[in-house]
Amino acid sequence: MVDFRMLREQMVSEQLVARGVADDLVLNAMRRVPREEFVRPSSRMNAYDDHPLQLDHGQTISQPYIVALTLEAAALTPEDVLLDVGTGSGYAAAVAAEVVRRVISIERHAALAETARAVLKRLGYSTVDVVVGDGTLGYPSEAPFDAIVAAAAGPKIPAPWVEQLRANGRIVMPVGEQRFGQTLIRALKDPSGAIRRQTLGAVTFVPLIGEHGISDR
Ligand code: SAH
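Everything in this summary refers to the structure shown in the same document. Every value quoted in this text rests on a predicted model; they were computed, and no experiment measured them.

Definitions and limits used
- Residues numbered from 1 in each chain as written.
- Predicted model: local features only at pLDDT ≥ 70, side-chain atom pairs only at ≥ 80, totals over all residues.
- Heavy atoms only, no water.
- Helix = DSSP H or I, 4+ residues; strand = E, 2+ residues; numbered from the N terminus.
- Rg over C-alpha atoms; globule rule 2.2 N^0.38 Å.
- Buried < 20%, exposed > 50% of the residue type's maximum accessible area, 1.4 Å probe, protein only.
- Core = buried A, V, L, I, M, F, W, Y, C linked by side-chain atoms within 4.5 Å.
- Contact = heavy atoms within 4.5 Å.
- Phe/Tyr/Trp six-rings, centres within 6.5 Å; stacked < 30°, edge-to-face > 60°.
- Pairing = 2+ DSSP bridges.
- Right-handed = clockwise from strand over helix to strand, strands pointing away.
- Salt bridge = Lys/Arg side-chain N within 4 Å of Asp/Glu carboxyl O.
- Near = heavy atom within 4 Å.
- Polar contact = N/O pair within 3.5 Å; in protein donor to acceptor, adjacent residues only side chain to side chain.
- Areas by Shrake-Rupley, 256 points an atom, 1.4 Å probe, with all protein chains shown as cover.

Looking only at helices and strands, one finds 6 helices and 11 strands in the chain. Computed over C-alpha atoms, the radius of gyration of the chain comes to 16 Å, within 12% of the 17 Å expected from 2.2 N^0.38 for 217 residues, which places it in the range of a compact globule. Counting only C-alpha atoms, the chain reaches 55 × 35 × 35 Å along its principal axes. Here the chain, with 217 residues, has 49% of them falling under the buried criterion.

Moving on to the nonpolar core. Judged by nonpolar contacts, the single largest core of 49 residues is most densely connected at L16, M30 and Y91. Among the elements of the structure, α1 (4-16), α2 (24-32), α3 (64-73), α4 (91-97), α5 (110-122), β5 (128-132) and β6 (145-150) are those that each provide at least two residues to this core. Ranked by the residues each element gives to this core, the list is headed by α3, at 7 residues. In this view, L16 contacts M11, V21, L27, M30, P64, Y65 and A68; residues no more than four positions away in its chain are not counted. Listed in part, the 20 residues of the second largest apolar core include V85, V131, F145 and L165.

Inspection of the entire model under this criterion finds 2 aromatic pairs. Geometrically, the ring pair formed by F4 and Y48 is tilted, given 6.3 Å between the ring centres and 45° between the ring planes. One end of the pair, F4, is in helix α1; the other, Y48, is in the loop between α2 and β1 (53-54), with 44 residues separating them in the sequence. The same class applies to F4 as to Y48, namely buried. Centre to centre, the rings of F38 and Y91 are 5.8 Å apart; their planes meet at 70°, and the pair counts as edge-to-face.

Here we come to α3. Counting buried positions along α3 gives 9 out of 10 residues, so the element sits mostly inside the fold. In the stretch just after α3, A75 is the one whose phi turns positive, near 50°.

Alignment of strand β4 (residues 102-107) against β5, held across 5 bridges, turns out to be parallel. Within β5, the position partnered with S105 by the bridge is V130. Following the chain from β4 across α5 to the adjacent parallel β5, one finds a crossover that is right-handed.

The subject of this paragraph is the pattern of salt bridges. This structure, assessed with the given rule, holds 13 salt bridges. Taking the shortest distance from any N to any O, the salt bridge between E37 and R122 comes out at 3.1 Å. Of this pair, E37 sits in the loop between α2 and β1 while R122 sits in helix α5; the two residues are 85 residues apart in sequence, bridging distant segments of the chain. Two residues, R108 and D216, come together in a salt bridge whose shortest N-O distance is 3.9 Å. With a gap of 108 residues between them, R108 in the loop between β4 and α5 and D216 in the segment after β11 (206-207) connect regions that are remote in the sequence. You can call D216 exposed: its relative accessible area is 54%. A single salt-bridge network, built from bridges that share partners, covers E37, R44 and R122.

On to the site of the ligand. Close to the ligand lie 25 residues, the nearest being T60, S89, E107, G135 and I209. For the ligand, an oxygen atom lies 2.6 Å from a polar atom in the side chain of S89. Measuring from a nitrogen atom of the ligand, one finds a backbone N or O atom of R108 at 3.2 Å. For the ligand, whose unbound accessible area comes to 580 Å², protein coverage reaches 99%.

This next bit is on unusual backbone geometry. For the peptide bond that leads from A143 to P144, omega is 5°, which places it in the cis range. One non-glycine residue, H57, lies in the positive phi region at around 60°. Of note, H57 is situated in the loop between β1 and β2 (60-61). Residue A75 is not a glycine yet carries a positive backbone phi of 50°. The residue A75 is located in the loop between α3 and β3 (81-85) in this model.

Quick look at the structure:
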C-alpha cells in the first residue's frame, strides 16, 4: 500500500515550502487534496512527483509547485469567488475550493470537464462548478470575480477577464505565444480600474485556445 498522505506531506515540505511558498491557506489546501484521484490510473504512483503529468486529450495536470505558486500569487481569501480557466483534471480547482467560497472552473474539452466534474463530486467538492466553454471569454453570468487564474498560456490578458474582475482583484496567468517558455504574470486591478502587472517567473503551460487567446485554426 502506498501512503499517499505521507507523499503529500513530503511534496508540501520538499517542493513547496522549500521553494518559498508560505501562504498557509494554500499549503494546508495542498495537504488536503488527494492528487492521486485526479491523475490517470497509470500515474497514481507518480501523483506527487515534482513535474506535470499527462492527462487525456494531450493536456496536463500542472506540477504541484506551479499550482501552489499560482494560487499563492492570486492572494485568495475565504470570501473569494474564483474563476479557474482550464479545469483539466480539476485538481487546481479542488485546491482552490479548499481556500475560497466558490470556484467556477471552465474547460474547453467537454470530456475532460466531465471527468473532472465526476471526481470533484465524488470527493465532495460541492462549491466547484465545472462549465464547458471558451474561458478566454470569462464567465459573465457569475462575474465579478475576486480572482482569475489560468493554467494555459495566451498572448495577453484576455480583455473580458479585466472587465469581469472586481476592484482589487487579481489575475494570474502564463503569458507568451511560444510552446515552451512563457512568463507567469500577476495583474492587479486597482480601484480606478487600472491594471498593474508583475512578473513571477518562467513557466511552460499548454496553449490557451480561444477567441481572446490562441486561435485553434
Ligand atoms: N488546472 C488543471 C491544468 C489543466 S491544463 C489541473 O489542475 O489539472 C490546462 C487546461 O486548459 C487544458 O485542459 C485545456 O484543455 C484547457 N484550456 C485551454 N484553453 C482553454 C480555454 N480557452 N478555455 C477553457 N479551457 C481551456
